[in-house]
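Okay, here's what each chain looks like letter by letter:
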Amino acid sequence: MSNRQTKIDVILIGSGIMSATLGSMLKELVPEWEIKVFEKQASAGEESSNEWNNAGTGHAALCELNYTPEKPDGSIDISKAIKIHEQFQLSMQFWSYLVNSNLIRNPQDFIMPLPHMSLGQGKQNVLFLKKRFEALSKNPMFQGMEFSDNPSKLMEWIPLIMEGRTSNEPIAATKINSGTDVNFGALTRILFEHLKRKNVEINYKHSVDDIKRTSDGSWEVKVRNLDSGKVEHHTAKFVFIGGGGGSLSLLQKTGIPESKHIGGFPVSGLFMVCNNPDVIAQHHAKVYGKAKVGAPPMSVPHLDTRFIDNKKSLLFGPFAGFSPKFLKTGSMFDLLGSIKPNNIFTMLAAGVKEMSLTKYLIQQVMLSNEQRLEDLREFIPKAKSEDWHIVVAGQRVQVIKDTEAGGKGTLQFGTEIVSSADGSIAALLGASPGASIAVHVMLELINKCFPQHMKEWEPKIREMIPSYSVSLAENPELLQEIRTSAAKTLGLS
């Protein structure tokens, strides 16, 4: 049994941070538009955006070493770090706007101030960290960053990491106090509550089975109510596919040319969570180390203070793994089902190219708890197995596509939008830095998919995001002003 519905303005598929951000922005730009959301789970933010599935770092490139690679000549390339820092500042501005406008409240429920630190162990890594510090600290964006290789100073900063160290190998760290811990699960739920108050219809336990273009160019979405089994058809002028790892198969169903020659490579993760309050109390920072050779960027080891359910927690990881599922709640046939005649050669090429990654993931899957504990002891020498338990993190699906620079079957480690030529449908694919730069990604989507409205929308966008289309790297005064204002509004100062 099926029923046909009238055409609406926007359908959002998935209730993660991306749909929450896009919905919230569109409701400010065009309050009269009718928006419907369809989500397979029973509540918002259950997959990639969930606080237990997401590192919550508030990726501002303050501590992540993979955003500052070393060039062949030994110098440090900070261009990506600058770009990501600017993109995170857009999120901070939008959240501040929502708080200042009384659209959402209690920012401490989703964001807390927390030092961001990088750790270098061994002569080579300490040298890299020093060079990175020298390159970054000259830039106004990374003002206030400190470097130390003095054991007594490090003992002050990171007692848990320094205590019980018997090795004489050099160790150093950088520290910047303007970092944050963001609970993207809580933020997602807060934004969906806000959207509900704005009359957005949110349908949980509704699975999208198919998406087809209609004769007038709009999109018909076939939805199954998971409780009743009833099938519904909803039509919209614009559809956003924001279903995390589940986006790829839905994008393929649209049949748009832009969906061809794209594959997905799933990577799963595990975190070790501390259950000893005395240990948790000894650490107050996010500390990122260097990834092992062959490891994907989202497998950089880090020891994180987290604020979950208004309680301080301590997590270490992530340990990467392999599962053919595209979502944590997905199917074992997700990967197989995503292979189509138009992307099989792209996928095969990636398989050949990424042998070291495959080998690394297999090794990670085979790790015993004792071996994971050994990795943890590189950070916390005195770690005891009884103080830690394992939590399965979210699934990440890396994009595989043919690129000019990388050739056929290149694995992409970013977040990207794939949209139809007429801008009537768009999907978000990829992983890190994902949630942290949701506002930047959605601004890009709005520009791409609604060019005809941009002139009319620009004043409102500037009100929400004062640095819109301005380079903060080139305007240190504006950067300072925005930072001070956001810190005050979000309770970070």
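This report concerns the structure included in the present document. (Residues numbered from 1 in each chain as written. Predicted model: local features only at pLDDT ≥ 70, side-chain atom pairs only at ≥ 80, totals over all residues. Heavy atoms only, no water.)

Scanning the protein from terminus to terminus reveals 15 helices and 20 strands. By the compact-globule yardstick of 23 Å for 493 residues, the protein fits well, its C-alpha radius of gyration being 22 Å. Across its three principal axes, the protein shows a C-alpha extent of roughly 70 × 50 × 45 Å. For the protein, the computed accessible surface area is about 20800 Å², with 54% contributed by carbon and sulfur atoms. Charged side chains of the protein number 54 positive and 52 negative; the gap between the two group centres comes to 2 Å. (Helix = DSSP H or I, 4+ residues; strand = E, 2+ residues; numbered from the N terminus. Rg over C-alpha atoms; globule rule 2.2 N^0.38 Å. Areas by Shrake-Rupley, 256 points an atom, 1.4 Å probe, with all protein chains shown as cover. Lys, Arg positive; Asp, Glu negative; His and termini not counted. Charge placed at Lys NZ, Arg CZ, Asp CG, Glu CD.)

What follows deals with empty space enclosed by the protein. If you walk through the whole model with that rule in mind, you get one cavity of 30 Å³ or more. When its volume is computed, the largest cavity comes out at roughly 70 Å³. Elements that contribute at least two residues to the lining of the largest cavity include exactly β12 (262-274), β17 (396-403) and β20 (425-430). Tallied by class, residues from the lining of the largest cavity come to six nonpolar, six polar and no charged. (1 Å grid on protein atoms, 1.4 Å probe; cavity = no way out; pocket = protein on both sides within 12 Å on 5 of 7 lines; lining within 4 Å. Points joined across faces, edges and corners; volume = space filled by probe spheres on them. Nonpolar A, V, L, I, M, F, W, Y, C, P; charged D, E, K, R; others polar.)

The next thing to look at is the packing of aromatic side chains. Enumeration according to the criterion identifies eleven aromatic pairs in this entry. Pairing F316 with F319 gives two aromatic rings, centres 5.9 Å apart and planes at 70 degrees, and the pair type is edge-to-face. Of the aromatic side chains, those joined through ring pairs into one cluster are W33, F238, F450 and W457. Between K290 and the ring centre of F128, over which it is positioned, the NZ or CZ distance is 4.1 Å. One cation-aromatic arrangement involves R372 over F319; the distance from NZ or CZ to the ring centre is 5.8 Å. (Phe/Tyr/Trp six-rings, centres within 6.5 Å; stacked < 30°, edge-to-face > 60°. Lys NZ or Arg CZ within 6 Å of the ring centre and 35° of its normal.)

With respect to the element layout, E51 can be found in the loop between β2 (35-38) and α2 (79-100). Classification of E51 as buried rests on a relative accessible area of 5%. The residues contacting E51, other than those within four sequence positions of it, are N183, G185, A186, R189, R306, I308 and D309. (Buried < 20%, exposed > 50% of the residue type's maximum accessible area, 1.4 Å probe, protein only. Contact = heavy atoms within 4.5 Å.)

Formed by 86 residues in total, the largest nonpolar core has its most connected members in W95, F110 and W457. At eleven residues, α2 tops the list of elements feeding residues into this core. With 35 residues, the next largest nonpolar core counts A236, L361, A427 and L429 among its residues. (Core = buried A, V, L, I, M, F, W, Y, C linked by side-chain atoms within 4.5 Å.)

In this fold, D181 is placed in strand β7 (residues 180-182). Those residues in contact with D181 that sit more than four places away from it in its chain are A55, G56, F110, I111, M112, L114, K286, T305, R306 and F307.

Moving on to helix α12 (residues 369-379). Three or more residues of α12 are buried, namely R372, L373, D375, L376 and F379. One side of α12 holds all its buried residues, which, seen down the axis, span an arc of 155 degrees. (Arc of directions from axis to C-beta.)

What follows concerns the pattern of salt bridges. Taken as a whole and judged by the stated rule, the model has 22 salt bridges. K382 serves as the salt-bridge partner of E163, at 3.4 Å between the closest nitrogen and oxygen. Highlighted residues: E163 in the loop between α5 (159-162) and β6 (171-176) and K382 in the loop between α12 and β16 (388-392), separated in sequence by 219 residues. For K382, a relative accessible area of 53% puts it in the exposed group. The residue D209 makes a salt bridge to R224 at a minimum N-O spacing of 2.7 Å. Taken as a pair, D209 in strand β9 (residues 206-213) and R224 in strand β10 (residues 219-225) lie far apart in primary sequence, 15 residues in all. A relative accessible area of 31% means that R224 is categorised as partly exposed. Each member of the salt-bridge network shares a partner with another, and the members are E28, K198, K460 and E463. (Salt bridge = Lys/Arg side-chain N within 4 Å of Asp/Glu carboxyl O.)

What follows deals with the packing of α2 against helix α14 (residues 454-464). The contact between α2 and α14 brings their axes to 8 Å, and the two run at 90 degrees. As far as their axial angle goes, α14 and α2 are roughly perpendicular. Residues Q93, F94 and Y97 of α2 pack against K460, E463 and M464 of α14. Looking at the contact of α2 with α14 residue by residue, the classes come out as three nonpolar, one polar and two charged. (Axes fitted to C-alpha atoms, helices over the stretch in contact; angles between N-to-C directions. Parallel < 35°, antiparallel > 145°, perpendicular 65-115°, else oblique.)

The two faces of a sheet get side chains in turn, since along a regular strand they alternate between them. The pairing of β12 with β17 spans six bridges and is antiparallel. Paired with I262 across the two strands is K401, which belongs to β17. Between the antiparallel neighbours β17 and strand β18 (residues 407-412) lie three residues. (Pairing = 2+ DSSP bridges.)

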